[in-house]
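What follows is each chain in one-letter form.
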Amino acid sequence: MNKILFFLFAFSLYSWAQGQNPLAIPPVLSGTEIELNLQPGSVQFYGGEATATMGANGDILGPTLILQQGDFVQFTVNNQLEDTTTLHWHGMHVSAENDGGPHTTIPPGTSWTPSFTILDKAATYWYHPHLHKKTDKHVSKGIAGLILVKDSEEAQLPLPRTYGVDDFPLVIQTKDFDANNQIVVHSNSDDVIMVNATLDPFLSVPAQVVRFRVLNGSSQRVFNLGLSNNQTFYQIASDGGLLAEPYETTRLRLGPGERAELLVDFSGMEGQTPYLKSYASELPNGFYGATYPGMGPGLQMAGYNPNPLNGSDFNILQFQVGVPTTDPVTAVPASLVEVTPLSESDVNETRSLTFTPEVLGPNQLNGQFLINDAFFDMEVINVTVPLDNVEIWELTNFSGIAHPFHIHDVQFYILTRDGVAPPVNEQGRKDVVLVRPMETVRFITKFEDFADDAVPYMYHCHMLTHEDGGMMGQFVVVGPTAVDETAAETAISVYPNPSKGWLSVELEAGLSPERVWVYDQLGRQVPVSISKTEHALEIEGLRNGIFYLYLQLPQGLQVQKIIAY
Ligand code: C2O
Ligand code: CU
Ligand code: CU
């Protein structure tokens, strides 16, 4: 080996080991008017060809939005991409129209202008595109950003909160690059780690208590976070809010879409350079990121092995501990906020969702996954939820791989994992839960404030390959205002409405409809069984959804909207 080559080799080893690029910190947008330009970009990640990317207000990723609870915020989202896309506020409680799901498309060259009041609790949320079958493409190519909601409760706690000084965003992602340095979508060969779109990053941190807002923004990979010196750190917030008290740990498993706010105490560590790592060797099989993505070597996934990240411990970010700031936070608070989960005694409805592989057997990880035996269909509303319902959703994973289940509109509380209360750090507000193979997870939530019988919300697996492949369903939340529209002019009365599969249509004496039909929202006739008694029609066999009951009466056609759940 000649000397120059040796030097280059030694240098590259050294720089690989040291972290060679300063961590990019996304700029901040705050206030009540936010403009995001979704645009194509280009980043020189490697020598040779630049990587084609997508970003918000830049080449890749997007600004961190800092929003204040109670503010009414007007957004302008300009789509300057060549693709149609959407923009979703992951974890935030907004109306279905403002949610940015797959129905709320933004064609190229147009703008979308949602506006809403920030109702959420202080926590770390995020935004990303959500076009059906294209979510992975738009996210993997780079569109994603954090949303930090602030509230008065959080403001009173002695926590670090100076962005970029003692409070840092960490968007952790793995990606697959092809031989021409281009990002490969729907790939199981994601062997490149980046934080805030920085390869091989380092971050200078002050020698004091520092806060990290961590998003697993990967398409599929689960991380098992820890520090290289095995020091303890503290989780203070889960997806949608602060925990009751800091959760002390040396490891934190984080699935795609999940967020965690962490405190690390670097006091007295000036000059040290610990790493944030993923201890993936400790992940049991059955997680994407473990040695085997399914429950054992019998279940293989195309492109997954070999991948140096799977089942091994790897560095994510190097910390270079420097001098403390002039007004450092030096202690981790003993308690945080009051967390009051919903009570099971208030539950109106329990729903069961099953996850199954499309293909059974050893090849199952290469197929797609179904929820309740169905793939996502833009035209089918899978679940109809009456406004203000308190519900338990029971998720059972009958497949060999863990799925990070996510639901829009609400934050939920995990009641049990296989019948047992979850660990303390999962007892706060969540919007993503990793459901292990053959596990049943039960959560409780309340569908409040927003009803819309036309625009649905989504629930889905946040492994974007699975989501794009159809592991998604949609629900509408329906309220009294949505039902009353036609009630005034009808000579008939229908009850109960919303109804649970059956209805009674009361008829005035002597009134006899010549014909009765039920149509769904797309105008398709729905088979139901109708029986007539003296003063009523009994209708049975409605599945979940919104329907229109047509009655041909002597005085004309009567239409009644029906909500079945
Ligand atoms: Cu993070 Cu439906 O999405
Ligand atoms: Cu979401
Ligand atoms: Cu999945």
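Residues numbered from 1 in each chain as written. Chains lettered and ligands numbered in written order. Predicted model: local features only at pLDDT ≥ 70, side-chain atom pairs only at ≥ 80, totals over all residues. Heavy atoms only, no water.

Draft legend 1. Here's a closer look at the packing of aromatic side chains. Overall, the coordinates contain 26 aromatic pairs when judged by the stated rule. Over the aromatic face of Tyr279 sits the side chain of Arg251, whose NZ or CZ is 3.6 Å from the ring centroid. (Phe/Tyr/Trp six-rings, centres within 6.5 Å; stacked < 30°, edge-to-face > 60°. Lys NZ or Arg CZ within 6 Å of the ring centre and 35° of its normal.)

Draft legend 2. Geometry of the coordination of the copper ion (ligand 3). The coordination sphere of the copper ion (ligand 3) contains the protein donors His403 (ND1), Cys461 (SG) and His466 (ND1), at a distance range of 2.0 to 2.1 Å. Coordination of the copper ion (ligand 3) draws on donor residues from a single chain, spaced H-x57-C-x4-H in sequence. Of this pair, His403 sits in strand 29 (residues 403–407) while His466 sits in helix 4 (residues 464–468), placing them 63 residues apart in sequence. (Donors = N, O, S within 2.8 Å, 3.2 Å for Na, K, Ca; no water. Helix = DSSP H or I, 4+ residues; strand = E, 2+ residues; numbered from the N terminus.)

Draft legend 3. How the structure looks around the coordination of the copper ion (ligand 2). Every protein donor of the copper ion (ligand 2) is accounted for by His88 (NE2) and His406 (NE2), and the metal-donor separations fall at 1.9 Å. Separated by 318 residues along the polypeptide, His88 in strand 7 (residues 88–90) and His406 in strand 29 bring together distant segments of the chain. You'll find His88 and His406 in the same group, each marked buried. (Buried < 20%, exposed > 50% of the residue type's maximum accessible area, 1.4 Å probe, protein only.)

Draft legend 4. The arrangement of the environment of Gly101 in detail. Of note, Gly101 is situated in the loop between strand 7 and strand 8 (111–112). Distance in space between the C-alpha atoms of Gly101 and His408 is 8.9 Å, their sequence separation being 307 residues. If we skip the residues at most four places from it in the chain, Gly101 touches Thr86 and His130. (Contact = heavy atoms within 4.5 Å.)

Draft legend 5. Representation of the pattern of salt bridges. Per the stated rule, a full pass over the model turns up 21 salt bridges. Between Asp190 and Arg221 there is a salt bridge; the shortest N-O distance is 3.1 Å. With Asp190 in the loop between strand 13 (183–184) and strand 14 (192–195) and Arg221 in the loop between strand 17 (209–216) and strand 18 (223–227), this residue pair connects regions lying 31 residues apart in the sequence. Take Arg221: its relative accessible area is 0%, and that puts it in the buried class. Asp239 is the partner of Lys430 in a salt bridge, and the nearest nitrogen-oxygen pair spans 3.1 Å. Of this pair, Lys430 sits in the loop between strand 30 (413–417) and strand 31 (432–435) while Asp239 sits in the loop between strand 19 (233–238) and strand 20 (241–249), and the two are 191 residues apart along the sequence. The class for Lys430 is buried, based on a relative accessible area of 3%. Each of Glu154, Arg161, Asp167, Arg211, Arg213 and Glu261 takes part in salt bridges that share partners, so that together they form one network. (Salt bridge = Lys/Arg side-chain N within 4 Å of Asp/Glu carboxyl O.)

Draft legend 6. Broad picture of the sheet that holds strand 23 (residues 275–279). Strand order in this open sheet of six strands is 1-16-24-23-18-21, and the pairing throughout is mixed. Edge positions in the sheet fall to strand 1 (21–22) and strand 21 (252–254), since each has one partner strand and no second. Across five bridges, strand 16 (residues 201–206) lies against strand 24 (residues 313–322) in parallel orientation. Across the sheet, Ser204 pairs through a bridge with Gln320, a residue of strand 24. (Pairing = 2+ DSSP bridges.)

Draft legend 7. Geometry of the sheet that holds strand 25 (residues 349–357). One open sheet holds the five strands; their spatial order is 26-25-28-32-30, and the pairing between them is mixed. One side of each edge strand has no neighbouring strand; the edge strands of this open sheet are strand 26 (369–371) and strand 30. Between one strand and the next, the sheet's axes are offset by a mean angle of 20 degrees, whatever the strand orientation. Sheet topology places strand 28 (residues 390–397) next to strand 32 (residues 440–446); seven bridges connect them, and they run antiparallel. Among the inter-strand pairings, Ile392 is bridged to a residue of strand 32, identified as Ile444. (Axes fitted to C-alpha atoms, helices over the stretch in contact; angles between N-to-C directions.)

Draft legend 8. Representation of the domain arrangement of the chain in the model. Domain annotation of the chain identifies domain 1 (344–478) and domain 2 (485–564). Put simply, the middle of domain 1 and the middle of domain 2, counted by C-alpha atoms, are 31 Å apart. Listed as interface residues are eleven residues of domain 1 and, on the opposing side, ten residues of domain 2. Per-residue buried area on domain 1 facing domain 2 is highest for Glu379, Thr384 and Asp453; these three make up 50% of the total on that side. Across the domain 1-domain 2 interface, the total number found is two salt bridges. Here Lys561 makes a salt bridge to Asp453, at a shortest N to O gap of 2.7 Å. (Domains from an automatic or database assignment. Buried area = accessible area lost by both parts, 1.4 Å probe.)

Draft legend 9. Representation of the nonpolar core. Core analysis: the biggest nonpolar cluster contains 37 residues, and Phe212 and Ile316 have the highest contact counts within it. Listed by contribution, the elements that provide at least two residues to this core are strand 12 (167–177), strand 14, strand 16, strand 17, strand 18, strand 21, strand 22 (259–265) and strand 24. Counting residues per element, this core draws most heavily on strand 24, at five residues. By size, the runner-up hydrophobic cluster in this structure holds 32 residues, among which are Met301, Tyr304, Leu365 and Tyr459. (Core = buried A, V, L, I, M, F, W, Y, C linked by side-chain atoms within 4.5 Å.)

Draft legend 10. Looking closely at a nonpolar patch on the surface. On the surface, a nonpolar cluster with roughly 310 Å² of combined accessible area is contributed by Met295, Phe398 and Met438. By the element assignment, Met438 lies in the loop between strand 31 and strand 32. Classification of Met438 as partly exposed rests on a relative accessible area of 47%. (Patch = residues over 30% accessible without salt bridge, like charges linked within 9 Å, V, L, I, M, F, W, Y side chains within 5 Å. Areas by Shrake-Rupley, 256 points an atom, 1.4 Å probe, with all protein chains shown as cover.)

Draft legend 11. Region of interest: the environment of Trp393. Looking at the secondary structure, you find Trp393 in strand 28. Between the alpha carbons of Trp393 and Thr86 there is a distance of 27 Å; along the sequence they are 307 residues apart. Other than its neighbours up to four places away in sequence, Trp393 contacts Arg351, Leu353, Val383, Phe405, Ile407, Val441, Arg442, Phe443, Phe447 and Tyr459.

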